[in-house]
Amino acid sequence: MTNIELKRVVVTGLGAITPIGNTLAEYWDGLLSGRNGIGTITRFDPSRHACRIAGEVKGFNPHDYMDRKEAKRMDRFAQFGVAASKQAIADAKFVINELNAEQVGVVIGTGVGGIKVLEDQQEVYLNRGPDRCSPFMIPMMIANMAAGLTAIHTGAKGPNTCTVSACASGAHGVGDAFRLIQRGYAQAMICGGTEAAVTPLSLAGFASAKALSTRNDDPKHACRPFDRDRDGFVMGEGAGILLLEELEHALSRGARIYAEMVGYGMTCDAYHITSPVPGGEGAIRAMQLALKDAGLQPEDVSYINAHGTSTPVNDPTETTAIKKVLGDHAYKIAVSSTKSMTGHLLGGSGGIESVASVLAVAHDQIPPTINLENPDPDCDLDYVPHQSRQQTVDVALSNSFGFGGHNVTLVFKKYKSA
């Protein structure tokens, strides 16, 4: 491999569409205040389902970001992705024009893509015939369209792709964008994840796999990562997007820098389609590779935004992996799961959780894990229960693990000039 000088990469813009807020400020305020975004499903009648709760995005108006004709030709997951991307660009005060367009790229991941369009068009096919299916069905449902439409809406002509790796999709999107800037393929990247899979068929599939909480009579307490009484994850929807820039490019335009991105580790369990390998070997290697990539030691870590799904298997496995990687230092840092408030956004989770991790570094504030009332004895770290915490965060890790054995760890740290 040819030796090349790796570029430094910084975060200059953030965008968020979430169950606890549809702007960056609302999302961050929601996290710090322990706002719960989970309730009974309203987008369709869930009465036939074993699970009838989710973290829905409320009050989202796509026409704030695009005209009605454009919105009508997008699945909800793509609307979220375009909206959060436009937020991130505006937050960064970044202008894409004919001079820089070819140096600005997009990587937006999704786990499921346009499943609502697929469900609706299957109904049309069965009841009205194949010739009545929409000519926009395919471009509305395919997973890459959030990335493609974001480029169309912003004019970004650089590297453009979509990561699809289940619940690791958004984190892979951020990590791959980081690598592209590091190696000089782009000066800026719009990246993250988006998902809108709170649909009848999707809900039925996850429920049949016994993955979902069925605490339907108490949705506010259904998502309880690391708690002894957890009974499965709660689906969520939304998008989290970062604008990453090459450091010198950001400095040349006087950009505000939230944090520096310094590490990316990814592995595979090669073990099971849904369950993590016992002992968390794949997660361990992802964290170790990310720290090695960042040139950091375990004792440098201040905070981990955990995958923390509130499932019986994930939470103790991730806890074990953290202790294996950090040793005694694991008991000296804060670990929290923001899924306790938003639910699990599947392919969008790595996006909004990267945003949360960056803001923790920027503001020295750590979001809590709500609903942690009866800690699981096998989960014995500091999970920041109930209330956010003001604490110096020099280095934050964000973990994302997906069906298929995908493991991703991202590393963000405080920006300091060389």
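Residues numbered from 1 in each chain as written. Predicted model: local features only at pLDDT ≥ 70, side-chain atom pairs only at ≥ 80, totals over all residues. Heavy atoms only, no water.

S.K.: Teacher, can you tell me more about the sheet that holds strand S13 (residues 395–402) here?
M.R.: Sheets are built from strands paired through backbone hydrogen bonds, the pairs being either parallel or antiparallel. Pairing is mixed across the open sheet formed by ten strands, whose spatial order is S5-S4-S6-S7-S1-S8-S14-S13-S9-S10. The sheet terminates laterally at strand S5 (160–161) and strand S10 (334–336), the two strands that pair on one side only. Taken together, the eight bridges between strand S1 (residues 9–17) and strand S7 (residues 238–246) define a ladder with antiparallel strand orientation. Across the sheet, Ala-16 pairs through a bridge with Gly-240, a residue of S7. (Pairing = 2+ DSSP bridges. Helix = DSSP H or I, 4+ residues; strand = E, 2+ residues; numbered from the N terminus.)

S.K.: Is there a simple way to think about unusual backbone geometry in this case?
M.R.: Among all residues except glycine, the phi angle is most often negative; among peptide bonds, the trans geometry is most common. Phi is positive for Lys-93, close to 55 degrees, though the residue is something other than glycine. Within the secondary structure, Lys-93 is located in the loop between helix H3 (76–91) and strand S4 (104–109). Look at Lys-93 and you get exposed, because its relative accessible area is 71%. In this structure, Ser-310 is a non-glycine residue whose phi angle is positive, near 75 degrees. Secondary-structure assignment places Ser-310 in the loop between strand S9 (303–305) and helix H11 (314–326). Its relative accessible area of 0% is what places Ser-310 among the buried residues. (Buried < 20%, exposed > 50% of the residue type's maximum accessible area, 1.4 Å probe, protein only.)

S.K.: Looking at this structure, how should I read the packing of helix H1 (residues 24–33) against helix H13 (residues 349–363)?
M.R.: Relative placement of two packed helices is described by the angle separating their axes and the distance separating the axes. At a minimum axis separation of 11 Å, H1 and H13 run at an interaxial angle of 75 degrees. It follows from the interaxial angle that H1 and H13 lie roughly perpendicular. Between H1 and H13, the residues in contact are Leu-24, Tyr-27, Trp-28 and Leu-31 and Ile-352, Glu-353, Val-355, Ala-356, Leu-359, Ala-360 and His-363, respectively. Grouping the amino acids of the contact of H1 with H13 by side-chain chemistry returns nine nonpolar, one polar and one charged. (Axes fitted to C-alpha atoms, helices over the stretch in contact; angles between N-to-C directions. Parallel < 35°, antiparallel > 145°, perpendicular 65-115°, else oblique. Contact = heavy atoms within 4.5 Å. Nonpolar A, V, L, I, M, F, W, Y, C, P; charged D, E, K, R; others polar.)

S.K.: Explain the packing of H3 against helix H6 (residues 145–154) to me, please; I cannot follow it from the model alone.
M.R.: One can describe the packing of H3 onto H6 by two numbers: an axis separation of 9 Å at closest approach and a directional angle of 45 degrees. On the basis of the axis angle, H3 is oblique to H6. In this structure, H3 crosses over H6, and the sense of that crossing is right-handed. Contact with H3, carried on its side by Phe-77, Ala-78, Gly-81, Val-82, Ser-85, Lys-86 and Ile-89, involves Ala-146, Leu-149, Thr-150, His-153 and Thr-154 of H6 and no other residues of that element. (Left-handed = near helix turned anticlockwise from the far one by under 90°.)

S.K.: How should I be thinking about the pairing of strand S14 (residues 406–413) in this particular structure?
M.R.: Remember that side chains alternate between the two faces of the sheet whenever the strand is regular. Taken across its eight residues, S14 has six buried, putting it largely inside the fold. Alignment of strand S8 (residues 259–268) against S14, held across eight bridges, turns out to be antiparallel. Bridge pairing in S14 links Thr-267 to Asn-407. Looking at chain direction, S13 and S14 are connected through eight bridges and run antiparallel. The partner of Asn-399 across the bridge, within S14, is Thr-409. Counting the residues that bridge the hairpin from S13 to S14 gives three residues, and of these Gly-404 lies at a positive phi of roughly 100 degrees.

Such coordinate-based values are descriptive only and should not be taken to indicate function.
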